Amino acid sequence: MSQATASPAHIAPLRLDARLQPQAIAAVFKRFGRVHVPGILTAETAVAVHRALTGPVPWTLHYNECDAVYDVPVWQVDALSEPERLALRAPIWARATTGFQYCFENFPLSDYFERGEHRDHPLMLAYELMRSDAMVAFARRITGCDEISVVDAQATRYRAGDFLTAHDDRDESKGRVAAYVLNLTPRWSSDWGGLLQFLDADGHVAEAYTPAFNALNVFRVPQPHSVSFVTPFAGQPRLSITGWFRRR
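The structure presented is a predicted model; accordingly, all values stated were derived computationally and were not measured. (Residues numbered from 1 in each chain as written. Predicted model: local features only at pLDDT ≥ 70, side-chain atom pairs only at ≥ 80, totals over all residues. Heavy atoms only, no water.)

Caption draft 1: Inspection of helix 2 (residues 43-54) at higher detail. Counted at 1.5 Å a residue, the expected span for helix 2 with its 12 residues is 16 Å, and the 17 Å between its end C-alpha atoms agrees. Listed in full, the buried residues belonging to helix 2 are T45, A46, A48, V49, A52 and L53. Burial along helix 2 is one-sided: seen end-on, the buried residues are contained in an arc of 165 degrees. In this structure, helix 2 carries A43, E44 and R51 as exposed residues pointing more than 90 degrees from its buried face. (Helix = DSSP H or I, 4+ residues; strand = E, 2+ residues; numbered from the N terminus. Expected span 1.5 Å × (residues − 1). Buried < 20%, exposed > 50% of the residue type's maximum accessible area, 1.4 Å probe, protein only. Arc of directions from axis to C-beta.)

Caption draft 2: Main features of the environment of E147. Topologically, E147 is positioned in the loop between helix 7 (133-143) and strand 5 (150-151). Sequence separation between E147 and V177 is 30 residues, and the spatial gap between their C-alpha atoms is 9.0 Å. The contact partners of E147, leaving out residues within four places of it in the chain, are R246, R247 and R248. Side-chain polar atoms of E147 contact the side chain of R247, separated by 2.5 Å. (Contact = heavy atoms within 4.5 Å. Polar contact = N/O pair within 3.5 Å; in protein donor to acceptor, adjacent residues only side chain to side chain.)

Caption draft 3: Looking closely at the pairing of strand 10 (residues 205-209). Summarising the sheet, strand 9 (residues 196-199) and strand 10 pair through four bridges and their orientation is antiparallel. Within strand 10, the position partnered with L199 by the bridge is V205. Counted between consecutive antiparallel strands, the loop separating strand 9 from strand 10 contains five residues, among which G203 sits at a positive phi close to 85 degrees. (Pairing = 2+ DSSP bridges.)

Caption draft 4: Focus on the nonpolar core. Core analysis: the biggest nonpolar cluster contains 49 residues, and L123 and I241 have the highest contact counts within it. Looking at this core, the element that brings in the most residues is helix 6 (residues 123-130), giving seven residues. Those residues in contact with I241 that sit more than four places away from it in its chain are V49, L53, L109, L123, M130, A153, Q154, A155, Y180, V181, L182 and L184. (Core = buried A, V, L, I, M, F, W, Y, C linked by side-chain atoms within 4.5 Å.)

Caption draft 5: A look at the side chain of N64. Along the polypeptide, N64 turns up in strand 2 (residues 60-65). Excluding residues that lie within four positions of it along the chain, N64 makes contacts with V69, R95, F100, Q101 and Y102.

Caption draft 6: Molecular detail of the pattern of salt bridges. All told, the structure shown has 13 salt bridges when counted by the stated rule. In this structure, R131 and E128 form a salt bridge, with 3.3 Å as the shortest nitrogen-oxygen distance. Assessed through its relative accessible area of 23%, R131 is described here as partly exposed. D152 is paired through a salt bridge with R246; the nearest N and O atoms lie 3.1 Å apart. Residue D152 is found in the loop between strand 5 and strand 6 (154-158), and its partner R246 is found in strand 13 (residues 238-246); the two are separated by 94 residues along the sequence. A relative accessible area of 17% means that R246 is categorised as buried. Residues joined in a network through salt bridges with shared partners are D78, E105, R157 and R159. (Salt bridge = Lys/Arg side-chain N within 4 Å of Asp/Glu carboxyl O.)

Honestly, it's all geometry; don't read function into it.
Okay, here's the thing in structure tokens:
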């Protein structure tokens, strides 16, 4: 893996902020199993990735029905009438009452990259940064796991009515060491929902992170967590790059 480089040429190279203090970050992660890292990227990099997230992206509405996964192009969803959109959402919300359920928009960077699709999309530069030598070294340092060698990623957009119910990311076959969320939403209010919530053994919210621009949240797998329901009065979409730091 190599440090991410700029292509197309009008986007500057994407970089981590050189002022990060991995030793201090690692101490927090070791103690609590999770850590919030503000200012993870250079200011120019954060602006470039945010610009890519708010530009043309082939988003799909990503949701499950038990073990079945569905991806519907967002342009098709947006073309529905209000009653039709409610008819789509109603069974999703009903299943969330008693089981694991998610509904949000995504652009699966890793999957497309491996298939050779959308390689020229500006967001692929963000994926190259997340899988770069610099990021892998940072992930190994803060988690204490030198076996991390794979970083996957998807771009996500949560709009009103989107959510992710409680789960722990456990999947023994994929070698997940830690999950990450790179937040790229300016000026988010906690009143809008979309909080990354960590749950204790009694089901209480032990801690929650409000999406903060240019902040990386990293947490050990497995660990119960959820993303709270985005309210109808949220002032903008919740934007992020998410994925896992993995062993092969």
